[in-house]
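Each chain, letter by letter, is given below.
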Amino acid sequence: MCAGDSEEAMRIASEDGMTMLSSMISEALSAEEKGRGDCADMLESWEKIGDIGTMEEDLLKIYLVLAGKTHLEFQHRGKTIKLNCLEGLDWRQAFGIHLWWVNCGGFLEDAVDSFSEDVAAGRAASPDLHVFEQAQGNYELACSYALTAGDYAAALRLFAEEVAPNAIAMGDLQNLRPLAERMEKAADKITVHFKSGIRAV
């Protein structure tokens with residue numbers, strides 16, 4: 001579902017004997033906003049009669065996504081249950097949920113906005129965290145990833161505080177040059193402040 005492969009999602013649901021889920025996936029995509037509304041109405045009815053708390057969490061999360069939701073909080077047997085459909089997903093997968101399902105048929109900007117809200121609320125992984133996790137302590141690689149991701153502030157900070165000082169200390173200025181050139185090109189797109197910061201290093 002993170003990749004928007006509705007046919008594969010329907011096939012898996014059908015093979016597992018979940019015909020209602022398969023049909024809801026089809027409806028949610030074909031009818032878009034109306035399909036999401038129907039899923040939301042179904043969830044609301046389940047919640048009213050108390051069935052929602054008896055469902056498997058993973059299955060319930062799928063229905064939530066089909067209803068255009070990424071999280072839910074409800075009461076079951078006197079306990080507050082909190083579900084986060086983006087839990088355990090990396091930022092690309094989480095954004096895919098927003099793009100292909102939560103905002104199906106909408107604008108890209110809508111997916112970015114709703115995804116950003118989940119990131120800010122701590123429900124979705126941050127692209128910034130992904131950059132640094134992938135680098136695994138390699139500051140030069142982290143700086144390169146930050147540039148690729150368009151996080152110029154993080155790239156400049158890493159370059160000025162870690163990459164350049166380390167290269168200077170080790171006398172490894174030759175290997176520093178390609179990254180410095182990338183930083184210079186990126187700085188031209190941002191502000192004079194970035195350019196002066198890079199040249200000062």
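Here we summarise the structure given alongside this text.

So, how was this worked out
Residues numbered from 1 in each chain as written. Predicted model: local features only at pLDDT ≥ 70, side-chain atom pairs only at ≥ 80, totals over all residues. Heavy atoms only, no water. Core = buried A, V, L, I, M, F, W, Y, C linked by side-chain atoms within 4.5 Å. Buried < 20%, exposed > 50% of the residue type's maximum accessible area, 1.4 Å probe, protein only. Helix = DSSP H or I, 4+ residues; strand = E, 2+ residues; numbered from the N terminus. Salt bridge = Lys/Arg side-chain N within 4 Å of Asp/Glu carboxyl O. Phe/Tyr/Trp six-rings, centres within 6.5 Å; stacked < 30°, edge-to-face > 60°.

**Focus: the nonpolar core**
Side chains of a nonpolar character, in soluble globular proteins, are inclined to be buried together.
Right, so step 1: Core analysis: the largest hydrophobic core is formed by 31 residues, its most contacted members being Leu 43, Trp 46, Ile 52, Leu 60, Tyr 63 and Leu 66.
Right, so step 2: Listing elements by their share of this core, those giving two or more residues are helix 1 (6-15), helix 2 (19-30), helix 3 (33-49), helix 4 (57-66), strand 1 (71-76), helix 5 (91-102) and helix 6 (108-120).
Right, so step 3: If you look at the next biggest cluster of nonpolar residues, it comprises 16 residues, including Ala 146, Val 163, Ala 167 and Leu 179.

**Quick word on the pattern of salt bridges**
Right, so step 1: Considering all chains together, one arrives at four salt bridges under this definition.
Right, so step 2: A salt bridge links Glu 87 to Lys 61, with the nearest nitrogen and oxygen atoms 3.9 Å apart. Of this pair, Glu 87 sits in the loop between strand 2 (79-84) and helix 5 while Lys 61 sits in helix 4, placing them 26 residues apart in sequence.
Right, so step 3: The exposed category is assigned to Glu 87, whose relative accessible area is 58%.
Right, so step 4: Between Asp 118 and Arg 123 there is a salt bridge whose closest N-O contact spans 2.6 Å.
Right, so step 5: Exposure remark for Asp 118: the relative accessible area of 2% places this residue in the buried category.
Right, so step 6: Exposure remark for Arg 123: the relative accessible area of 23% places this residue in the partly exposed category.

**Brief notes about the packing of aromatic side chains**
Aromatic ring pairs are described here by two measures, namely the spacing of the ring centres and the angle between the planes.
Right, so step 1: For the structure shown, the criterion picks out two aromatic pairs.
Right, so step 2: Seen from their ring centres, Trp 46 and Tyr 63 are 5.1 Å apart, and the 85° between their planes marks the pair as edge-to-face. With Trp 46 in helix 3 and Tyr 63 in helix 4, the pair connects residues that are 17 residues apart, well separated along the chain.
Right, so step 3: Under the relative-accessibility criterion, Trp 46 is labelled buried at 14%.
Right, so step 4: Judged by relative accessible area, which is 4%, Tyr 63 ranks as buried.
Right, so step 5: Considering the side-chain rings of Phe 95 and Phe 115, the 5.5 Å spacing of their centres and the 75° angle between planes classify their relative orientation as edge-to-face. One end of the pair, Phe 95, is in helix 5; the other, Phe 115, is in helix 6, and 20 residues separate them in sequence.
Right, so step 6: Judged by its relative accessible area of 18%, Phe 95 falls in the buried class.
Right, so step 7: Residue Phe 115 is classed as buried on the basis of its relative accessible area of 6%.

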